[in-house]
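Next come the chains, spelled out residue by residue.
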Protein chains: 4
Amino acid sequence: MICAVDLNSDLGEGFGRWTLGDDEALLDVVTSANVACGFHAGDPVILRRVCEQAAAAGVAIGAQVSYRDLAGFGRRFVDVEPHELTQDVVYQLGALEAFARVAGTRVRYVKPHGALYNAIVGHEEQAAAVVRAVVEYSPGLPVLGLPGSAFLRQAADAGLPVVAEAFADRAYTSEGTLVSRRSPGAVLHDADEIARRCLAMATGEPIADASGRSLLLRPDSICVHGDTPGAVAIARRVRAELTGAGVALAPFAAG
Amino acid sequence: MICAVDLNSDLGEGFGRWTLGDDEALLDVVTSANVACGFHAGDPVILRRVCEQAAAAGVAIGAQVSYRDLAGFGRRFVDVEPHELTQDVVYQLGALEAFARVAGTRVRYVKPHGALYNAIVGHEEQAAAVVRAVVEYSPGLPVLGLPGSAFLRQAADAGLPVVAEAFADRAYTSEGTLVSRRSPGAVLHDADEIARRCLAMATGEPIADASGRSLLLRPDSICVHGDTPGAVAIARRVRAELTGAGVALAPFAAG
Amino acid sequence: MICAVDLNSDLGEGFGRWTLGDDEALLDVVTSANVACGFHAGDPVILRRVCEQAAAAGVAIGAQVSYRDLAGFGRRFVDVEPHELTQDVVYQLGALEAFARVAGTRVRYVKPHGALYNAIVGHEEQAAAVVRAVVEYSPGLPVLGLPGSAFLRQAADAGLPVVAEAFADRAYTSEGTLVSRRSPGAVLHDADEIARRCLAMATGEPIADASGRSLLLRPDSICVHGDTPGAVAIARRVRAELTGAGVALAPFAAG
Amino acid sequence: MICAVDLNSDLGEGFGRWTLGDDEALLDVVTSANVACGFHAGDPVILRRVCEQAAAAGVAIGAQVSYRDLAGFGRRFVDVEPHELTQDVVYQLGALEAFARVAGTRVRYVKPHGALYNAIVGHEEQAAAVVRAVVEYSPGLPVLGLPGSAFLRQAADAGLPVVAEAFADRAYTSEGTLVSRRSPGAVLHDADEIARRCLAMATGEPIADASGRSLLLRPDSICVHGDTPGAVAIARRVRAELTGAGVALAPFAAG
């Protein structure tokens, strides 16, 4: 049996004079790049560069859509009207698509960012607004999100391909939801442990939940981070562990 | 002999709570809508609405691209690096295209806005940056601009379809350039006079330049304004004069 | 017995090319101007003009502080961290103060705007964040807000002068809270009725609540609107009714 | 004879999620902090922190005022109308002043940033606009700028205290102007050489100009950079050289 999994990460999250993360290093690690679209981060110069680099590296480009909130980096819930949120998402999709096309490829999927990602786990109206944007923009475009979320449920109901993700460095409850960042142990830091967990996820083996019991996650994609030098090192470690064990790494959404 | 001409105007130039102009009235007058793309005006809700209304009215959608300058409404020259300007234009093109596609149509042309329009009459590097953006984004996309400008010359050299425009309400020098807005008489206000001049332009007759001599303009498109009630009335008068004389009104860039 | 009341309204809510409301007309009506500080509306040119006009008219200048949200005009709840909200408010206070000083006066009070106003009726952490900003900036600065709100309660506890406002054109429940805008009859439109209610409020007489029963409001300030021609006419009617009945109009916070 | 000089540097130039430079390290080096005011960088949380740290360290706070251009970090000339530029500067001064006051101190001087700094070397109208802003805001507030600039000349004519600065790491022409950054050798990188030049400047000795001839600069303040780890090391080296030679370091503008 051959296992395959996708690795995704956030890229293009600088703005103007400001940089964040190491996009080039990550493009050697991941198979899918969640590219910021300008609403929480990402200016047009960055979008251009990341799209070209991703295309050259064979990394799938996804739209990392966000609330309009540069000052808050998209990390603050905004009680935006659903109709407005739909248009905000369409706008970002189109802007990124232009750069993907110029780079000879396309936007392959959508992954909401930050506070929007978290909000539409349970906020039905905003989840519907994002789903509507994707359906109107491109009815076959996959969406990447949290298993069990209102967003993925509604997306599936609307006929969108749905891609479930797991987080490489986060602790899980026994129900398979994320342990809150405010709880101790919510974020894992040991590269070996993180790599082993990712290998388990990718090969259909259980991981340990926060209470030490077995938990089976079957993600289509695993999210790694790259916004610190340590995070890039962990992401590389995850990739090495997976490829060393014969797990194929491939974008879930290929051209 | 059948004459035809295009009427273009700026639409979608509100932002959030703020409105500007009467988009609906203008869509009954013009054949091409220069839609603001979010950098000087135009939020995603407005882009959505204007694209849908334009599509329903059979009005061609053009991208009114601008410097990134909401506070200045794109009316201030910004000494942006050409590479960055190219990406700013690509970004705006993509964003508007998304709404045009959702409305069942496409972006049919590009018309730079405000200070950018004026700058690339003579600023070769910025003109080249805009041309490069259009060529990279869509090499057959027409550009609308000032006859004699560096922008139209470079666009033609790059193989882009070039559309020359004249202004319904502006005085012209004997060389066919615009009289500076700072000079007396630069802007015409009499609806009858404006309408007669437009009819002359559309039928191959000369108009009077600022010194009263005959001047022959052969515009492919005539720009009318709509940001005041008086401007809308003049635009209607122009349309009535043209259609009353048997001049066909049609977008230069049809689907 | 001599009655006196303050009339307040929102001013300076344009931005760049966009205008909103009739600031000059309102300055002949109100005694306190809630001046937008740039986060939901109001650019520096507008702040300058409104402060000078208010100073010349003897109208007290208040800081209409908001979430940072130009696109949403400050009408969307933003889940900003309290520490950050405090600094956002201090920033806006200082910016407006500069123009008030240049105009020969000072910022006399603080009135939160839009979604922030509504949020801190019940959101204790954000209410505390705004109170902290005012206390740190100027511990004797009055705050204007909704009677019964967490904001006014915390402000009073912190030693800030507290000014209770009523709305000229809103229906009230029997508990003295506002009828939700989503309910029919929430907003009054009849100028005569509105003016009579304001006179009652100012002279210690009860008004009719939404169910027709008597309700006694004792506002220190009455809020009138000016963002439409109709609203300005109503505001003028209110002022005429009050002055005609001998009610003195005066800012609650004089120099 | 006792020599004294001021060291200034740009601080607070992050925004939201993005950081830039090492503010805390620089506060141990410089005597004057040019604090970004939000138009090119610097959000309210950053302004708060930097003002408190500067006040605690006895470092004078200056307003690093800029064109409104977050995307371009204030490094692009913007052809803003003088009246508007004046208000933009007043707005920034007031915003920073609020945080300086909360930290128990005041804004002690004004230093224009980036493209504005460069523009008002020769752009008389914009120079006048900045001078007007300072005079209106606080007629005794010192301004820091380039010797020989239109800005400093106009500021002196307007009665403002004028502070001439030199750059620690820049080559100078024989006329005492900066060698263009586009020329080879325009920026010095050797810490020892830079430190020696600064000592010479501070003690009234000549430095070598770009052609090797002696050039006497008499700066009131020397500008050091801190936006890279290497820059901070050089800044520390400059301070050590100056203090080691008995040069007193003190803000030119004390409380």
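Remember, it's a predicted structure, so these values are computed and weren't measured experimentally.

Draft legend 1. Representation of the interface of chain B and chain C. Taken together, the contact between chain B and chain C spans 15 residues of the former and 15 residues of the latter. Between chain B and chain C, the buried area comes to about 1200 Å², and carbon and sulfur atoms account for 67% of it. Applying the counting criterion to the chain B and chain C interface returns two salt bridges. In this structure, C:Asp227 engages B:Arg17 in a salt bridge whose closest nitrogen and oxygen atoms are separated by 3.3 Å.

Draft legend 2. Quick look at the relation of the copies chain C and chain D. The transform that puts chain C on chain D rotates by 180 degrees and translates by 0.0 Å along the axis, for an RMSD of 0.0 Å. The transformation just described matches what one would write down for a two-fold rotation axis. An overlap of 100% is found between the interface residues of chain C and their copies at the interface of chain D, pointing to a shared contact surface.

Draft legend 3. Broad picture of the relation of the copies chain B and chain C. Its rotation angle being 180 degrees, the transformation that places chain B on chain C also includes 0.0 Å of axial translation and leaves an RMSD of 0.0 Å. A shared binding surface is used by both copies, with 100% of the interface residues of chain B retained as interface residues in chain C.

Draft legend 4. Examining the interface of chain C and chain D more closely. Taken together, the 25 residues of chain C in the interface contact 25 residues of chain D. Summed over the shared surface of chain C and chain D, the number is two salt bridges. In this structure, the salt-bridge partner of D:Glu136 is C:Arg48, at a minimum N-O distance of 2.7 Å. Counting the contacts that link chain C with chain D gives six residue pairs in polar contact (both at pLDDT 80 or more). The set of elements that each furnish at least two residues to the side of chain C that touches chain D consists of α2 (44-57), α3 (82-102) and α5 (124-137) of chain C. For the side of chain C that touches chain D, the leading source of residues is α3(C), giving 13 residues. Its residues placed into classes, the side of chain C that touches chain D shows 13 nonpolar, five polar and seven charged.

Draft legend 5. Structural detail: the pattern of salt bridges. By the definition in use, this model includes 40 salt bridges over all chains. Residues A:Arg153 and A:Glu124 are paired through a salt bridge, measuring 2.4 Å at the closest nitrogen-oxygen approach. In this pair, A:Arg153 is assigned in helix α6 (residues 150-157) and A:Glu124 in helix α5 (residues 124-137), connecting sequence segments 29 residues apart. Residue classification places A:Glu124 among the partly exposed residues on the basis of a relative accessible area of 31%. Within this structure, A:Arg48, A:Glu52 and B:Glu136 form a network of salt bridges that share partners.

Draft legend 6. Representation of the packing of α5(A) against α6(A). Residues and elements named next belong to chain A. Running from amino to carboxyl end, α5 crosses α6 at an angle of 45 degrees, the nearest separation of the two axes being 9 Å. In terms of orientation, α5 lies oblique with respect to α6. As for the relative orientation of α5 and α6, their crossing is right-handed in sense. Facing α5, whose interface residues are Glu-124, Ala-127, Ala-128, Val-130 and Val-131, α6 presents Ala-150, Phe-151, Arg-153, Gln-154 and Ala-155. Each residue belonging to the contact of α5 with α6 can be placed in one class, and the counts come to seven nonpolar, one polar and two charged.

About the criteria used
Residues numbered from 1 in each chain as written. Chains lettered and ligands numbered in written order. Predicted model: local features only at pLDDT ≥ 70, side-chain atom pairs only at ≥ 80, totals over all residues. Heavy atoms only, no water. Contact = heavy atoms within 4.5 Å. Buried area = accessible area lost by both parts, 1.4 Å probe. Salt bridge = Lys/Arg side-chain N within 4 Å of Asp/Glu carboxyl O. Least-squares fit on C-alpha atoms with pLDDT ≥ 70 in both. Polar contact = N/O pair within 3.5 Å; in protein donor to acceptor, adjacent residues only side chain to side chain. Helix = DSSP H or I, 4+ residues; strand = E, 2+ residues; numbered from the N terminus. Nonpolar A, V, L, I, M, F, W, Y, C, P; charged D, E, K, R; others polar. Buried < 20%, exposed > 50% of the residue type's maximum accessible area, 1.4 Å probe, protein only. Axes fitted to C-alpha atoms, helices over the stretch in contact; angles between N-to-C directions. Parallel < 35°, antiparallel > 145°, perpendicular 65-115°, else oblique. Left-handed = near helix turned anticlockwise from the far one by under 90°.

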